[in-house]
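# Working through the structure, step by step
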There are 2 protein chains.
Amino acid sequence: MATIQEVARKAGVSSATVSRVLNNRISVASSTRIKVEQAIKDLKYEPSMLGRNLRNSESRLLLVLIHSFSNPYYSEIINGIEDYSIANDYNILLCDADSNPERETTFLNMVKNKLADGIISMNPTVDIHKLTELAQKHPIILCSEYYEEVPIPYVAIDNEAAAYRAVKHLIKLGNEKIAFINFDESFLYARQRRKGYERALKEFDIPVNDEWIFNTQGLDFQEGVQVMRKILRLENRPTAVFAVSDTLAIGALKEANVRGLKIPDEMAVVGFDNISFSNMTNPTLTTVSQPMYDMGHKAARMLIDKIKGQSVESLIMDHELIIRESTLN
Amino acid sequence: MATIQEVARKAGVSSATVSRVLNNRISVASSTRIKVEQAIKDLKYEPSMLGRNLRNSESRLLLVLIHSFSNPYYSEIINGIEDYSIANDYNILLCDADSNPERETTFLNMVKNKLADGIISMNPTVDIHKLTELAQKHPIILCSEYYEEVPIPYVAIDNEAAAYRAVKHLIKLGNEKIAFINFDESFLYARQRRKGYERALKEFDIPVNDEWIFNTQGLDFQEGVQVMRKILRLENRPTAVFAVSDTLAIGALKEANVRGLKIPDEMAVVGFDNISFSNMTNPTLTTVSQPMYDMGHKAARMLIDKIKGQSVESLIMDHELIIRESTLN
DNA sequence: GTAATAAATGTAATCGATTTCATAACATAA
DNA sequence: TTATGTTATGAAATCGATTACATTTATTAC
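Please read these numbers as outputs of a predicted model, since none were measured by experiment.

### Overview of the relation of the copies chain B and chain A
Placing chain B over chain A gives an RMSD of 0.1 Å and needs a rotation angle of 180 degrees, together with 0.0 Å of translation along the axis. Both copies are brought into coincidence by an operation consistent with a two-fold rotation axis. By C-alpha distance to the rotation axis, the residue of chain B lying nearest is L93 of chain B, at 2.5 Å.

Structure follows, in C-alpha cells:
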C-alpha cells in the first residue's frame, strides 16, 4: 500500500501538496494537481484513515447500541441512522451487548479510546449510570429508550399516549375485559405504557384488574405464548389483549389461534412496533407504529450535531395506530 | 483526555515504560509498575486506539457485509461472528449495502483505507469482481453465499443436498405436484437448490413441470403471497410448495391460509433458513436449518486466521430438516 | 523595472501510541 | 576488583496523514 510520501516522491512534490490535492484545499496549481492525481492513480494510492483520523483526532465512526440483533424492531431505525450517517461521512458500528455487561464496557470504552466519535443507545438494559458519566465528556443520544432525570438528549414517542390510544381502540370495539402484556416495569417505557393503559380504562370507568396485567422478563414470541396460556386459564377471561411489543402479541395471537378462539370476536389483540411480521400473521396484527426510520434519522442528526459541538433538544415523535384483522370484524 | 505522555510525566518515567506497563511487556520493575498504574488511575487515562492502531497498522475491526438489516436470516450468524471476534479482540462493523453500489464501495474502501482488517461477506448481491480483486491484497471470507471459480475461502452448506432432502420429504408424504419458489437464479445458491429439487423429482420419476417453478426478484413475505396467488390460479394445481427462504414460505403459507386451504392436506409447505418466526406461524413451518451460529463462528475464525497470515480452507457445514406442522398431519 | 501583493509549494511539527537501540543500574562469577 | 551478563529504563524513530509557518514564485500596480 502506497503512502502519501511515495505519491509525493513520484509526483515530484511534497506530501503537503498531495494532502492539499486530496482535501481539495485552495491554492494548488492545476498543473501540479494533474501530476499528483496521475501519481495517485499510478500507485493506486488510498489514504490511510488511521493516519488521517489520528491527526484529526476523530474516527468518523458512530456506535449504535442495541440489545440484540434478533429483535426485528430495530432494523428500520438502523436504516434511518445509517442513511443520515453515511450521507455525512460517518460509518456506524452496531453493538449488541446482549445483556453481557463486559461486552458493553468494551463498547463504551471505544468512545473513550477515540475509536468512536459518539453513541446512539437503543438498549434498554444499558448501564445508565455509566452512560450518564460518559455523556459528560462524549456525545451520546438515546433513541426510543430514555430515562427521566437523565440529562442525555433523546428521541422517542409518547408511550403513555400511544398505549392510551391502543386500549381506547379496544374499548370502543366493545371490550371491557382487556389484558395487558407488559415488559418488566423497571423500564420507563413499560411504566409509561401502563399509565396509558390505566388512563384509558379509567376514562371509561372500567376498573383496573391486576389479574389481567402480566409482566414478562423478555420479548420473545414464546413469552407471548406463555402469557396467553395463563390468560386462557383464567376464570374471568379477558376478551382482548394489548401487548407492548409485536413479538409478544404474535406469540399470544398464535396461542389463541391454536386454542381455536375466534379472533377478534373472542379475543382481540393489539401489538406495538409494527414489525414486518405483524402483517404476515393470520389474522394480521393491529399495532402501534412508531416512525422508526425517521427516529433513526433524527437520532443520527442529533448525534452528529452534538459531535460538532452544537446543542440539541430532545424530540417526541408522533405514533400511529394501524388497525388490522386482529381487531377488525 | 490524558495521553501516554502525561501519564509518563506524572509517574516520573518515560512514555516507553508506560507503554510497557500497558502491554504487559517483560522487564519493568514492580515499583515503577505500581507508580505507573497509579498515574493511570489518577489521570483516568485510556489509551487511544487511533495512536495504537496507526503504529501497529491494524484497526482490529472486521467488516461484515449483509444485504439488509431487515433480513432475520442473518442474526444468528452475526452472533456467531461477533462472539468469536470479540473473544479475539476484534470488533465487527455491520454493513448493509442495501443494493446501493456506492455504499458498497464505501465499505470495501474501508479495508484499503486500513479502517478495517478484513471482510466477511454474506451479501449475495455483492460485486464479486471487486471483491475478488480486493481479496488479492486483503483477507476476505465468504459466508453462506459463495461463488464457484472464485478463489475466496467460504463457509456454507451443501445447498443442492439440502433442497434435495426437503423435496424428498414432500414426496414421501405423497406429494407429486410440488411447486418450487426460487430466488433469482443468477445466484449460485438458487441454481444449486434448483438442482436438488430436480434431482429429488427425477429420483422418483416425477417429471419437472416448469409451470410450477417460480423465480422471485426479492425475498419479502409479499413475494411469497404473490406466488401462492399464481399457484392457486393454476388449473393443474400443486399440492405442495418448497420455497428457498422462510420469508417466501411464510408469505405463501399465509395466502394459502387466507384462501381457506387445509394445510398440509391440500397444501404442504417447506421453507428454508429456520428464522425464529417460522415457529410462530399458524401452522408452524417445516424448514431447512443451517447451523447459523456455527457458520458465523467458523467464518470469523477463518478470517482472523487469514489476517494472521495463515492459510485457510473452505468449509461445508451440515444442514438439518426441521419438520413442523406445515408438513405434518 | 521595482515594490507590493497574492498564489503555490515546501519544511517541519504534530496527533498518540509502540518499539528499536542505546545506556544505566545492578547482580553474578572469576 | 574487574569482567560479564541481566534487567530496567530512556531517547528517538516510526506509523501516515494534516497544517501552521516559512519560503519561493508569479502577478499586479505604479
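### Some remarks on the protein's contact with DNA strand D
Neighbouring DNA strand D are 28 residues, the closest being I4, S19, S48 and R55 of chain A together with R55 of chain B. Expressed as a percentage, the sugar and phosphate content of the atoms of DNA strand D within 4 Å of the protein is 62%. Contact distances for DNA strand D include 2.3 Å between a phosphate oxygen and a backbone N or O atom of I4 of chain A. The contact in question runs from a phosphate oxygen of DNA strand D to an N or O atom on the side chain of S19 of chain A, over 2.6 Å. Those elements that provide at least two residues to the surface near DNA strand D are helix 1 (4-11), helix 2 (15-22) and helix 4 (49-56) of chain A together with helix 2 (15-22) and helix 4 (49-56) of chain B.

### Some points on the environment of V225 of chain B
Relative to the elements of secondary structure, V225 of chain B occurs in helix 10 (residues 221-233). Given a relative accessible area of 4%, V225 of chain B falls into the buried group. Note: C-alpha distance between V225 of chain B and A256 of chain B (31 residues apart in sequence) is 8.4 Å. Each residue touching V225 of chain B, except ones within four places of it in the same chain, is listed here: M280 of chain A together with G251, A252 and E255 of chain B.

### Quick notes on the interface of chain B and chain A
Every contact between the two is made by 54 residues of chain B and, on the other side, 51 residues of chain A. Where chain B abuts chain A, roughly 4,700 Å² becomes buried across the two surfaces, and 64% of that area is made up of carbon and sulfur atoms. Connecting chain B to chain A are 2 salt bridges. Between E46 of chain A and K112 of chain B there is a salt bridge whose closest N-O contact spans 3.5 Å. Inspection of the chain B/chain A interface yields 6 residue pairs in polar contact (both at pLDDT 80 or more). Sorting the residues of the side of chain B that touches chain A by element identifies helix 4, helix 5 (74-87), strand 2 (91-96), helix 6 (101-112), helix 10 and helix 11 (246-258) of chain B as the ones contributing at least two each. The residue inventory of the side of chain B that touches chain A, partitioned by class, reads 22 nonpolar, 20 polar and 12 charged.

### With respect to helix 6 (residues 101-112) of chain A
Across its 12 residues, helix 6 of chain A extends 17 Å between first and last C-alpha, which sits within 8% of the 16 Å expected from 1.5 Å per residue. If you check which residues of helix 6 of chain A are buried, you get R103, E104, F107, L108, M110 and V111 of chain A. Summarising the axial view, the buried residues of helix 6 of chain A lie within an arc of 140 degrees, below the 170-degree limit, and thus occupy one face. Residues of helix 6 of chain A that are exposed and angled more than 90 degrees away from the buried face: P101 and E102 of chain A. Looking at the buried positions of helix 6 of chain A, the neighbouring elements they touch are strand 1 (61-66), strand 2 (91-96), strand 3 (118-121) and helix 7 (128-135) of chain A together with helix 5 and strand 2 of chain B. Once helix 6 of chain A finishes, K114 of chain A follows within two positions and takes phi at roughly 70 degrees, a positive value.

### A word on the sheet that holds strand 1 of chain A
Adjacent strands of a sheet pair through backbone hydrogen bonds, lying either parallel or antiparallel. Residue and element names in this part refer to chain A. Here we have 6 strands laid out as an open sheet, ordered 2-1-3-4-5-11, and parallel in their pairing. Strand pairing shows two members of the sheet lacking a second neighbour, strand 2 and strand 11 (315-317), which therefore form its edges. Strand after strand, the sheet turns through a mean of 20 degrees between neighbouring axes, direction not considered. Bridge count between strand 5 (residues 154-157) and strand 11: 3 bridges; the pairing is parallel. Note on strand 11: the bridge partner recorded for A156 is I316.

About the cut-offs
- Residues numbered from 1 in each chain as written.
- Chains lettered and ligands numbered in written order.
- Predicted model: local features only at pLDDT ≥ 70, side-chain atom pairs only at ≥ 80, totals over all residues.
- Heavy atoms only, no water.
- Least-squares fit on C-alpha atoms with pLDDT ≥ 70 in both.
- Near = heavy atom within 4 Å.
- Polar contact = N/O pair within 3.5 Å; in protein donor to acceptor, adjacent residues only side chain to side chain.
- Helix = DSSP H or I, 4+ residues; strand = E, 2+ residues; numbered from the N terminus.
- Buried < 20%, exposed > 50% of the residue type's maximum accessible area, 1.4 Å probe, protein only.
- Contact = heavy atoms within 4.5 Å.
- Buried area = accessible area lost by both parts, 1.4 Å probe.
- Salt bridge = Lys/Arg side-chain N within 4 Å of Asp/Glu carboxyl O.
- Nonpolar A, V, L, I, M, F, W, Y, C, P; charged D, E, K, R; others polar.
- Expected span 1.5 Å × (residues − 1).
- Arc of directions from axis to C-beta.
- Pairing = 2+ DSSP bridges.
- Axes fitted to C-alpha atoms, helices over the stretch in contact; angles between N-to-C directions.

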